[in-house]
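Structural overview
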Amino acid sequence: MRLSQQTLDHLPGAVACPNYDRDQAIGIVHFGLGAFTRAHQAWYTDRCLDVGERGWMVSGVSLRSAGVAHQLNPQDGLYTLVERSAEGETRQVLGAVGEVLVAGTDDDAIIARIASPDCHIVSFTVTEKGYCRAPDGTLDRALAEQGFYPLLEKALAVRQTADLPGLTLLSCDNLSGNGKVLRALLTQWFAGRDSRAADYFTNRCTTPSSMVDRIVPATTDEDLAKLEQTMGLRDEGAVFTEAFSQWVIEDEFADARPQWDAQGATIVADVEPYETAKLRMLNGAHSLLAYAGLDRGHEFVHQAIADPVLLDLVSALMRDEAAPTIQAGAGQDLDAYADSLIARFANPTLRHRLDQIAMDGSQKVAQRWLDTLAIRQERGKDSPAILTGLSHWLLHVRGDRRRVDDPMAGALQARWQEAGARGVVQAMFGSDGLIASRWTPDAAERAFIEARLRADD
Ligand code: CS2
């Protein structure tokens, strides 16, 4: 029997369920309802609904496939959130997601949800590549035609005509200055397009930046089978995560919002110190563990962090290389942060796969590693841990070690073939490099990576 509104009372008593009326207005449309959002933003929103706020049901939009719609719609949007720690598991059914719509199939409904006066927030976890940027960071219009841009444009045009209040467009992806990036890309998209939508966007919409953090490994068939045994109901949409969760949002809302801050989120004037620390320390360490860890024969994050060689590298990356580039905000203790990250990585119950983190590196390395490298180079400091990570990434994208899951896999491999080991650093990161960033390797950095490439090959 499948989890749904009808079958909720078959659940064991220990499983918490939504205690609110779910038949209420959709206040949030969310692009990219993957496991991360279900374990993060939707969890905060569920807590708001649980304490009696109204009008914040979420309509999820899938851009690429109907998979999540098939998981959640037959379950009336309900799914289980399982928190895993050394102490065991806790389970709760979340109810904030009302429906899942699929781009290409449900376009009219998606536009109607965003254009409704009930909607106040459009949020995004479309992953780094979902913003459809060209390698130089500007909007790739051809890619953007396939993304969220056209749907949003149509909906904003309707809102302008109806003279509706502004929308908050809230990016929750791991990009540095994610709100500013979204604003810049949308500005490029709107140039020369429907002027109603463009006016509405420019005059009424805000794009706060936000830092999101919760480790959410991809759900496996085994996870679902075990959960079914414990719960007595089949849940195709369950998500499995850690107990930790953090959300820091810039206080720049266009209109109403849920009281997420009463449920553990932090609303601040400036997100940058949190976002920078998270990207450079947590995500930077993650990517190092992924590429170096796979090369050292590990499968999961907890195994990689238990490898003394990798633990030393991660510690050096976080404490010696990344932390000194971050201007800590009030109350932020970067040393304690590094300790807490290592403890989170060591959680053996999460079984977080390194190859999940290794995906889409071309979209990740700039904000995770290259910004740090650029700052350190300006200061005359070397960064051996990050450069070691970068050399493992280069070997990964050469394409002969394992499958490379990356939108630029073909281009990366072609660069390798043209440039060979002697020219590859320049070909990837030089002034005409494939990966545009603030960092251009100097002679010493190039020599360091080339030596690592030879040693690890
Ligand atoms: C990871 C992130 O897959 C990845 O690239 O580094 O998804 C990471 O688990 C989250 O950002 C943690 O908040």
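See the structure above.
Cut-offs used in this document
Residues numbered from 1 in each chain as written. Predicted model: local features only at pLDDT ≥ 70, side-chain atom pairs only at ≥ 80, totals over all residues. Heavy atoms only, no water. Pairing = 2+ DSSP bridges. Helix = DSSP H or I, 4+ residues; strand = E, 2+ residues; numbered from the N terminus. Axes fitted to C-alpha atoms, helices over the stretch in contact; angles between N-to-C directions. Buried < 20%, exposed > 50% of the residue type's maximum accessible area, 1.4 Å probe, protein only. Near = heavy atom within 4 Å. Polar contact = N/O pair within 3.5 Å; in protein donor to acceptor, adjacent residues only side chain to side chain. Areas by Shrake-Rupley, 256 points an atom, 1.4 Å probe, with all protein chains shown as cover. Nonpolar A, V, L, I, M, F, W, Y, C, P; charged D, E, K, R; others polar. Expected span 1.5 Å × (residues − 1). Bend = angle between axes of the 7 residues up to and from the residue. Core = buried A, V, L, I, M, F, W, Y, C linked by side-chain atoms within 4.5 Å. Contact = heavy atoms within 4.5 Å. Lys, Arg positive; Asp, Glu negative; His and termini not counted. Salt bridge = Lys/Arg side-chain N within 4 Å of Asp/Glu carboxyl O.

Turning to the sheet that holds strand 10 (residues 246-250), a few remarks are in order. Read across the open sheet, the three strands follow the order 8-10-11; overall the sheet is mixed. Of all the strands in the sheet, just strand 8 (210-213) and strand 11 (266-268) have a single pairing partner and so form its edges. Each neighbouring strand pair of the sheet contributes to a mean axis angle of 15°, computed without reference to strand direction. Across four bridges, strand 8 lies against strand 10 in antiparallel orientation. The residue bridging aspartate 213 from the neighbouring strand is glutamine 246, located in strand 10.

Of all the six residues making up strand 5 (residues 97-102), five are buried; the element is thus mostly covered by neighbouring parts of the structure. Relative to strand 5, strand 2 (residues 57-62) runs parallel, the two being bridged by five bridges. Bridging from a neighbouring strand, serine 59 pairs with glutamate 99 of strand 5.

Moving on, we come to the site of the ligand. Taken together, the neighbourhood of the ligand is formed by Asn174, Val212, Asp213, Arg214, Lys278, Asn283, His286, His352, Ile357, Lys364 and Arg368. Within the side chain of lysine 278, an N or O atom sits 2.6 Å from an oxygen atom of the ligand. In isolation the ligand offers 340 Å² of accessible surface; the protein chains occlude 88% of this area. With three residues, the single largest contributor to the shell around the ligand is helix 10 (residues 272-295). Along the lines of polarity and charge, the residues of the shell around the ligand split into two nonpolar, four polar and five charged.

The terminal C-alpha atoms of helix 10, which comprises 24 residues, lie 33 Å apart, in line with the 34 Å expected from a rise of 1.5 Å per residue. The axis of helix 10 is deflected most strongly, by about 25°, at glycine 284. Buried residues dominate helix 10, accounting for 22 of its 24 residues. Trailing helix 10 by a residue or two, glycine 297 shows a phi angle of about 90°, which is positive.

Looking now at unusual backbone geometry. Positive phi, normally seen in glycine, also occurs at cysteine 132, with a value near 60°. Checked against the element boundaries, cysteine 132 lands in the loop between strand 6 (121-124) and helix 5 (141-144).

Moving on, we get to the nonpolar core. Within the largest apolar cluster, 61 residues are counted, with the highest numbers of intra-cluster contacts made by Met281, Trp369, Leu370, Leu390, Trp393, Leu394 and Phe429. Sort the elements by how many residues they give to this core and helix 10 lands first, with 10 residues. Those residues in contact with leucine 390, other than ones at most four positions away along the chain, are Trp369, Leu370, Leu373, Phe429, Trp439 and Ile449. Counting residues in each nonpolar core, the second largest holds 37 residues, with Leu139, Ala144, Phe148 and Leu156 among its members.

Among the structural elements, arginine 257 can be located in the loop between strand 10 and strand 11. Under the relative-accessibility criterion, arginine 257 is labelled buried at 18%. Here aspartate 261 takes part through its side chain, which lies 2.9 Å from a polar atom of the side chain of arginine 257. Dropping the residues within four chain positions of it, arginine 257 is found in contact with Glu53, Trp56, Ile121 and Ile267.

This part takes up helix 12 (residues 308-322). Across its 15 residues, helix 12 extends 20 Å between first and last C-alpha, which sits within 8% of the 21 Å expected from 1.5 Å per residue. Taking the largest bend as the criterion, helix 12 deviates by roughly 30°, centred on alanine 316. Taken as a whole, helix 12 has its buried residues at Leu310, Leu313, Val314, Ser315, Ala316, Leu317, Met318, Glu321 and Ala322. Buried residues along helix 12 sit in contact with helix 10, helix 11 (301-305), helix 13 (334-345), helix 15 (361-378) and helix 16 (384-398). In this structure aspartate 307 caps helix 12, since a side-chain oxygen of it lies 3.0 Å from the backbone nitrogen of valine 309.

What follows concerns the side chain of arginine 22. Relative to the helices and strands, arginine 22 resides in the segment before strand 1 (26-31). No salt bridge is formed by the buried arginine 22; its nearest oppositely charged neighbour, aspartate 76, is found at 5.6 Å. Among the polar contacts made by the side chain of arginine 22, one reaches the side chain of glutamine 5 at a distance of 2.6 Å. Ignoring any residue separated from it by four or fewer positions in sequence, one finds arginine 22 in contact with Gln5, Met57, Asp76, Gly77, Leu78, Gly95, Val97 and Gly98.

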